[in-house]
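Coordinate inspection notes
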Amino acid sequence: NAGVMQNPRHLVRRRGQEARLRCSPMKGHSHVYWYRQLPEEGLKFMVYLQKENIIDESGMPKERFSAEFPKEGPSILRIQQVVRGDSAAYFCASSPDRVPYEQYFGPGTRLTVT
Amino acid sequence: AQSVTQLDSHVSVSEGTPVLLRCNYSSSYSPSLFWYVQHPNKGLQLLLKYTSAATLVKGINGFEAEFKKSETSFHLTKPSAHMSDAAEYFCVVSKRAGGGADGLTFGKGTHLIIQP
C-alpha cells in the first residue's frame with residue numbers, strides 16, 4: 001500500500017502567480033488534511049476534507065487559499081497570487097474511516113516564492 | 001480550546017543513555033494525544049498514540065509515553081538512545097474527543113540531538 005503522495009516536492013513561484021499542490025491519500029482513506037509548516041514554527045492545521053466536502057477550514061487564511069477533494073483524483077490546495085509569506089512546507093495527511101484519528105503524512109511540498 | 005506545550009526546544013543526550021521529551025497538554029475534554037517524529041527533509045511519522053485506553057503507550061523504535069491526567073502530561077521516553085533517533089519530535093493533540101477525525105494541534109517541536 002503506497003503511502004500518501006504529494007507533488008510536486010518542490011515548487012518555485014514568483015509573487016502574484018498561482019500555486020497548486022496535489023495530494024493523493026493512501027488507498028482506502030477518505031479523510032484528507034492539509035497543514036503548513038512555516039520556518040521556525042510547528043505545523044499548523046489548515047483544512048480537513050472528506051470526499052467532495054470541506055469539513056473544517058478553520059485554519060485556512062480567509063483570502064487566496066482554497067482546497068478541494070473531488071470524487072475522482074487527488075486533493076488540491078490552491079494558493080492564488082502568492083506572496084513571500086506563503087513560502088513554507090505544506091503537508092498533506094490522510095486517515096481511514098476505521099481509525100480516523102490516525103493520520104498518515106506525505107513527504108510535503110516545499111513552496112518557495114521569489 | 002486544546003493546546004500542547006513542549007517544554008524543551010532542544011534535548012541532547014549521549015548514545016545509549018535514556019531519552020525524555022516532555023509534553024504538557026491543555027484540553028477541555030479527555031484528549032487523544034500523539035507523538036510524531038520528523039527526520040530532516042522528510043514527512044512525519046506516527047510514533048505512538050493515546051486514545052483513552054491504557055495510559056502507558058508503546059510505540060515504534062522502542063519509544064513509549066505515559067498519559068498522566070493529574071499532571072496533564074504525556075512525556076515521551078526511550079531507555080537507550082540510538083544515533084538514528086536524531087530528529088524533530090512533535091507532541092500532538094486532537095481537536096476532537098474520543099479519537100474522531102479532525103485536525104491536529106501540534107506543539108512547537110523538540111529537536112533531539114544524539115552525541116556519539
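Presented here is a report on the structure given in the accompanying data block. (Residues numbered from 1 in each chain as written. Chains lettered and ligands numbered in written order. Predicted model: local features only at pLDDT ≥ 70, side-chain atom pairs only at ≥ 80, totals over all residues. Heavy atoms only, no water.)

Attention now goes to the overall build of chain A. Helices and strands together make up the secondary structure of chain A, namely zero helices and 11 strands. Its C-alpha atoms give chain A a radius of gyration of 13 Å, near enough to 13 Å, the size a compact globule of 114 residues would have. Along the longest, intermediate and shortest principal axes, the C-alpha atoms of chain A span 40 × 25 × 25 Å. Counting over 114 residues, chain A shows a buried share of 47%. Taking contacts inside chain A between residues at least 6 apart in sequence as the whole, the part at least 24 apart equals 53%. Here chain A displays about 5,800 Å² of accessible surface, and carbon together with sulfur accounts for 46% of that area. Distance from the positive charge centre (17 side chains) to the negative charge centre (12 side chains) of chain A: 7 Å. (Helix = DSSP H or I, 4+ residues; strand = E, 2+ residues; numbered from the N terminus. Rg over C-alpha atoms; globule rule 2.2 N^0.38 Å. Buried < 20%, exposed > 50% of the residue type's maximum accessible area, 1.4 Å probe, protein only. Contact = heavy atoms within 4.5 Å. Areas by Shrake-Rupley, 256 points an atom, 1.4 Å probe, with all protein chains shown as cover. Lys, Arg positive; Asp, Glu negative; His and termini not counted. Charge placed at Lys NZ, Arg CZ, Asp CG, Glu CD.)

Per the secondary structure count, chain B includes zero helices and 12 strands. From first element to last, N terminus to C terminus, chain B shows the α and β order β-β-β-β-β-β-β-β-β-β-β-β. Taking 2.2 N^0.38 as the reference for a compact globule, 116 residues should give roughly 13 Å; the C-alpha atoms of chain B span a radius of gyration of 14 Å, in line with that estimate. Seen through its C-alpha atoms, chain B measures out along the principal axes to roughly 40 × 30 × 20 Å. Looking at chain B residue by residue over its 116 residues, the buried ones come to 46%. A total accessible area of about 5,300 Å² is found for chain B, and carbon and sulfur atoms account for 52% of it. Measuring between centres, the 10 positive side-chain charges of chain B sit 7 Å from its 8 negative side-chain charges.

A few words now on the side chain of A:H29. Residue and element names in this part refer to chain A. Position of H29 relative to the elements: it lies in strand β4 (residues 29-37). One polar contact links the side chain of H29 to the main-chain amide nitrogen of S95, over a distance of 3.4 Å. For H29, the contacting residues outside a window of four places in its chain are S94, S95, P96 and Y104. (Polar contact = N/O pair within 3.5 Å; in protein donor to acceptor, adjacent residues only side chain to side chain.)

Glancing now at the pairing of strand β5 (residues 43-50) of chain A. All names here are of chain A. For β5, the tally of buried residues reaches six of eight residues, placing the bulk of the element in the interior. The pairing of β4 with β5 spans seven bridges and is classified as antiparallel. Counted as the bridge partner of V32 is L49 from β5. Taking the residues that link successive antiparallel strands as the turn, the β4-β5 hairpin has five residues, and the phi of E40 there is positive, at about 65 degrees. Relative to strand β6 (residues 53-56), β5 runs antiparallel, the two being bridged by three bridges. The residue of β6 that forms the bridge with L49 is I54. Where β5 hands over to β6, the hairpin turn is made up of two residues, of which E52 adopts a positive phi near 70 degrees. (Pairing = 2+ DSSP bridges.)

Bringing the environment of A:A19 into the picture now. Residue and element names in this part refer to chain A. Mapped onto the elements of the fold, A19 is located in strand β3 (residues 19-24). For the pair A19 and Q80, spaced 61 residues apart in the sequence, the C-alpha separation amounts to 6.5 Å. When sequence neighbours within four positions are dropped, the list of residues in contact with A19 reads L11, R13, L77, R78, I79, V82 and L111.

Residue and element names in this part refer to chain A. What the four strands build is an open sheet, ordered β1-β3-β8-β7; its pairing is antiparallel. Each edge of the open sheet carries a strand with a single partner, namely β1 (5-7) and β7 (65-68). Averaged over all neighbouring strand pairs, the angle between strand axes comes to 15 degrees, with direction disregarded. With three bridges connecting them, β1 and β3 associate as antiparallel partners. Bridging across to β3, Q6 finds its partner in C23. (Axes fitted to C-alpha atoms, helices over the stretch in contact; angles between N-to-C directions.)

Keep in mind these values describe shape, not function.
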